[in-house]
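Residue-level structure breakdown
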Amino acid sequence: MTTDTTIPAGTAAGSGAGPEIRPPAEVRHAGELATLAAWDAERGHERPPGWRLSPRAVRAFVVGSEELGVSRKFYGDDPLVDRAVVSLMGRQGLMLVGEPGTAKSMLSELLSAAVSGSSTLTVQGTAGTTEDHVRYSWNYALLVSEGPSERSLVPSPVCTGMREGRVVRFEEITRCAPEIQDTLVSILSEKQLMVPELGPDARVAARPGFTVIATANLKDRGVHEMSAALKRRFSFETVAPVRDRDFEIELVQRQLEAELGPRGDSPEVPREVLEVLVTVFQDLRTGSTREGAPVKRPETVMSTAEAVNVAVAASLEARYLGDGTVTTAEVARQIAGVALKGEEEDARRLRHYVDNVVRERARHDAGWKAFFGAAESLWR
Ligand SMILES: Nc1ncnc2c1ncn2[C@@H]1O[C@H](COP(=O)(O)OP(=O)(O)OP(=O)(O)O)[C@@H](O)[C@H]1O
Ligand SMILES: [Mg+2]
């Protein structure tokens, strides 16, 4: 097993054909991080111990700064970002909770890239996560030949983060069994990890800059409760879906450019098409149209992330199967598959929405008319 630290930043283990589909944030935004570091140096901004950037620069990295030419990456709740940055300076970890697709993982990646210069010390929580994934394990060949030693110890991302004073990400923490989650309790309160196999006093001590950003989705099925002890070790922030329509349109647009950029000349999705897409998502997400008419809400989470997926799929359909123009018809066709996941009941709810709300809008708007036509023919 290779540990993160043996791989130079920007390269992945087992490099194969072609570029990485999605390099980590510190690689994608290396230029911006350098600009912010230079800004800190020029202005003499104070950096907390172990941080690569000042809290001001970390904030600017996430919410953007026109003056510095740094793009906005997280939309909708700047005070939340401020509180998150402050939490990272404190003794507790940061727990980002919220509905699926609200950019919890994105925020944790951006924050760790800005604070520590790397976002790759990550534990991906699953039902199969064991204590070894959180603490350390052994290289068994070395363990057998030379016994427990520094060399035969395989540190977990948490262990490496403690030693090197870096931010560790713990994704989907509530998917892990409670006793595994609780491994973090003593690590976070004592800031050390005992390694009894190496001797009675052997331990890994955390250096300044070490902290944990955990994310948890409280809505999906199959999540575990968090213990009260664990909760006390974290400060919680709830990330909410974007409510403002124009904001969400801009967000989908930017994410779409970022997604399709590497694919060359994929067709742009016109603003009117995005307006229809985002309106459908907001209507179905909130259970009410902007005019106040009630809508049956699907079980599926109609998150911004799903809206981006639909826009990407519509653009690819237009490029590879259509004439290169993205219309609301592609959007209507993609919503069913990308967003509704084949749920019968949800399909009925969407159909109800199309029959009532979309039909009415189609009377005096060409975009809605094309959407209606395509959606209707899906059920015929
Ligand atoms: N407020 C927002 N600002 C910027 N991007 C957003 C926002 N909300 C959603 N997104 C988009 O959603 C995508 C998915 O977000 P992410 O995977 O981080 O969500 P999540 O909350 O971790 O979801 P899950 O609970 O399913 O893991 C982001 O990459 C981004 O495109
Ligand atoms: Mg996530």
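Before reading on, note that the structure itself is shown above.
Here the structure is a predicted model, which means the values were calculated and not measured. (Residues numbered from 1 in each chain as written. Chains lettered and ligands numbered in written order. Predicted model: local features only at pLDDT ≥ 70, side-chain atom pairs only at ≥ 80, totals over all residues. Heavy atoms only, no water.)

1. Overview of the site of ligand 1
In the vicinity of ligand 1 there are 17 residues, among which Y75, G101, K104, S105 and M106 approach most closely. The contact in question runs from an oxygen atom of ligand 1 to an N or O atom on the side chain of S105, over 2.7 Å. One nitrogen or oxygen atom from the side chain of N217 is found 3.1 Å from an oxygen atom belonging to ligand 1. Burial of ligand 1 by the protein amounts to 82% of the accessible area it has alone, namely 650 Å². Those elements that place two or more of their residues in the shell around ligand 1 are α5 (104-116), α12 (245-260) and α14 (304-320). Split by residue class, the shell around ligand 1 holds eight nonpolar, six polar and three charged. Counting only domains with at least three residues in the shell around ligand 1, you end up with domain 1 (25-238) and domain 2 (245-378). (Near = heavy atom within 4 Å. Polar contact = N/O pair within 3.5 Å; in protein donor to acceptor, adjacent residues only side chain to side chain. Areas by Shrake-Rupley, 256 points an atom, 1.4 Å probe, with all protein chains shown as cover. Helix = DSSP H or I, 4+ residues; strand = E, 2+ residues; numbered from the N terminus. Nonpolar A, V, L, I, M, F, W, Y, C, P; charged D, E, K, R; others polar. Domains from an automatic or database assignment.)

2. What about unusual backbone geometry?
Look at A103: it is not a glycine, yet its phi comes out positive at around 75°. Within the fold, A103 resides in the loop between β1 (93-98) and α5. The class for A103 is partly exposed, based on a relative accessible area of 23%. Although it is not a glycine, E172 sits at a positive phi angle of roughly 55°. Structurally, E172 can be placed in the loop between β5 (167-171) and α9 (178-181). (Buried < 20%, exposed > 50% of the residue type's maximum accessible area, 1.4 Å probe, protein only.)

3. Some words on helix α3 (residues 55-63)
When you tally the buried positions in α3, you get seven out of nine residues, the bulk of the element. Along α3, the residues that are buried comprise P55, A57, V58, A60, F61, V62 and V63. On the buried face of α3, the contacting elements are α2 (30-43), α4 (78-89) and α5. Positive backbone phi, approximately 85°, marks G64, located one or two places after α3. (Contact = heavy atoms within 4.5 Å.)

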